[in-house]
Amino acid sequence: MSAVLKVAVDGAHPYAISIGADLLDDGVLLAATIRGRHALIVSDSNVAPLYADRVQAALQAVRPDLTIARLVIPPGEHEKTLQRFGEVLDALAGLSATRDAAVIALGGGVIGDLAGFAGACWMRGIDVVQIPTTLLAMVDSSVGGKTAVDLPAGKNLVGAFHPPRAVIADTSVLHTLPDRELRAGLAEVVKYGVTAVSLDPADAGFLDWLEAHAEALLAREPAITAEAIARCCAFKAAVVGRDLLEHGDRALLNFGHTFGHAIEVEQGYAGTHGGGLNHGEAVAVGMVLAMRLSAALGLAPASAGDRLQRLLQRLELPTSIPEGLAPDALLTRMRLDKKADAAGIRFILADGAGRARVVPGVEEATVLAV
Ligand code: NAD
Ligand code: ZN
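Residues numbered from 1 in each chain as written. Chains lettered and ligands numbered in written order. Predicted model: local features only at pLDDT ≥ 70, side-chain atom pairs only at ≥ 80, totals over all residues. Heavy atoms only, no water.

(A) Main features of the coordination of the zinc ion (ligand 2). Coordination of the zinc ion (ligand 2) by the protein is provided by Glu188 (OE), His257 (NE2) and His279 (NE2), with metal-donor distances spanning 1.9 to 2.1 Å. On the basis of relative accessibility, which here comes to 1%, the residue Glu188 falls in the buried class. Assessed through its relative accessible area of 17%, His279 is described here as buried. (Donors = N, O, S within 2.8 Å, 3.2 Å for Na, K, Ca; no water. Buried < 20%, exposed > 50% of the residue type's maximum accessible area, 1.4 Å probe, protein only.)

(B) Layout of the environment of Val239. Its place among the elements puts Val239 in helix α8 (residues 222-242). A C-alpha to C-alpha distance of 8.4 Å links Val239 and Asp200, two positions 39 residues apart in sequence. Those residues in contact with Val239 that sit more than four places away from it in its chain are Leu199, Asp249, Arg250 and Leu253. (Helix = DSSP H or I, 4+ residues; strand = E, 2+ residues; numbered from the N terminus. Contact = heavy atoms within 4.5 Å.)

(C) Focus on the nonpolar core. Of all hydrophobic cores here, the largest spans 101 residues; its most connected members are Leu106, Leu135, Val190, Phe206, Phe255, Met334 and Phe347. Mapped onto the domain boundaries, this core takes at least three residues apiece from domain 1 (3-176) and domain 2 (179-369). For Leu135, the residues in contact, after removing those within four places along its chain, are Leu174, Leu177, Leu182, Gly185, Leu186, Val189 and Ile229. Listed in part, the 22 residues of the second largest apolar core include Val42, Leu71, Ala118 and Val149. (Core = buried A, V, L, I, M, F, W, Y, C linked by side-chain atoms within 4.5 Å. Domains from an automatic or database assignment.)

(D) The state of the cysteines, seen in detail. According to the stated counting rule, one finds 0 disulfides in the structure shown. Summary of cysteine pairing: Cys232 is not part of a disulfide, and the nearest cysteine sulfur, belonging to Cys233, is at 7.0 Å. Note on Cys232: relative accessible area 0%, which makes it buried. (Disulfide = S-S within 2.5 Å.)

(E) Region of the structure containing the side chain of His257. Turning to its location among the elements, His257 is positioned in helix α9 (residues 257-266). For His257, a relative accessible area of 5% translates into the label buried. At a separation of 3.3 Å, a polar atom in the side chain of His257 contacts the side chain of His279. (Polar contact = N/O pair within 3.5 Å; in protein donor to acceptor, adjacent residues only side chain to side chain.)

(F) Region of the structure containing the domain arrangement of the protein. The assigned domain composition of the protein is domain 1 (3-176) and domain 2 (179-369). Computed over C-alpha atoms only, the centres of domain 1 and domain 2 are separated by 25 Å. Across the contact, 36 residues belong to domain 1 and 35 residues belong to domain 2. Of the roughly 2,900 Å² buried between domain 1 and domain 2 on both sides combined, carbon and sulfur atoms contribute 68%. Contact with domain 2 buries area across many residues of domain 1, yet Leu135, Val139 and Lys155 alone supply 21% of it, more than any other trio. If you look at where domain 1 meets domain 2, you find 4 salt bridges. With a shortest N-O distance of 2.6 Å, Lys146 and Glu246 are connected by a salt bridge. Counting across the interface, domain 1 meets domain 2 through 11 residue pairs in polar contact (both at pLDDT 80 or more). Listing elements by their share of the side of domain 1 that touches domain 2, those giving two or more residues are β1 (3-7), β2 (15-20), α5 (135-141), β7 (146-151) and β8 (154-161). Looking at the side of domain 1 that touches domain 2, its residues break down into 20 nonpolar, 9 polar and 7 charged. (Buried area = accessible area lost by both parts, 1.4 Å probe. Salt bridge = Lys/Arg side-chain N within 4 Å of Asp/Glu carboxyl O. Nonpolar A, V, L, I, M, F, W, Y, C, P; charged D, E, K, R; others polar.)

Listed below in structure tokens is the structure:
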């Protein structure tokens, strides 16, 4: 299955999300996204040895005049820093990149967010081509133009909205993705299920579909995986198209993230590589907590938390706060999250049947009880 979706945002350049097998070798598709004579491929040391030569060769075959440089950084959330951001800018300077240059982000969400933010800032913004290589990046981070790096004080605290020039999701690269990273992506897929009715009433049954296909998704069944990616991208394209800057319902995509980010920060962004939870796993735990909070506030039946927990467990994701993390320390982190304001902590809460909404000023005692 292959698909091309369009993201049309008011006042911004519309862009295409191409989804299909072996797109990395499609030089014509790749070259069509590059306007100038310079491109910088940013990748990590797991992904670059597997795929960077293919991307570069395919591009160069169609555009022999293109000067392509490469920056490869170590993998992991721990690297989504201002320091690495500076390295991307230095690489662009080394390439003498002009305003029509392109940054090609080849990797997971860490690379996409980091390279995307550098592309947003170099000469006040150049083209960014997202080539996501994790399931998480294909269904979520590569689409929508949110870019950022982390600070020790909090996740994604420095960043920019900078829609990509194009998103090219080659589903065949998922063959080399470690199981644990596949499951992390499935956590964000489940997030669309929990919010589906609010995102697109016409595609309301996504949570039921996920329950029916959980094992097929875990087994990487190609047609089911491609369908999940296309449906998630369609949800995201629609919501981003009507709310690029997250003044409205785009915020629903943060379901589970207030708790999840607190876990990630409190673990010092240890992630997969440092013995902690990765982003998707932290979001899985966060979604269960958010659903329990929704029930505690009378917005969802208690059974909704159980249903969500069962699905996440079938997907072999964690569903409770890791040992050693104190609830009050997490609460302190949540106060610093971008979703907090003077009135208290804002949560995205759900009804368990696909509807979600933003609830500001939730009392801290209720959060702690959950
Ligand atoms: P990641 O980029 O760290 O990738 C996970 C691991 O998989 C890394 O070790 C990477 O080297 C490896 N890898 C990637 N592709 C591979 C492949 N095809 N084969 C083998 N190994 C591969 O993590 P992620 O889960 O993709 O992204 C998480 C990040 O995304 C977080 O920082 C999160 O905040 C961000 N995010 C951003 C948005 C957004 O809208 N911008 C949305 C969701 C998540
Ligand atoms: Zn996320």
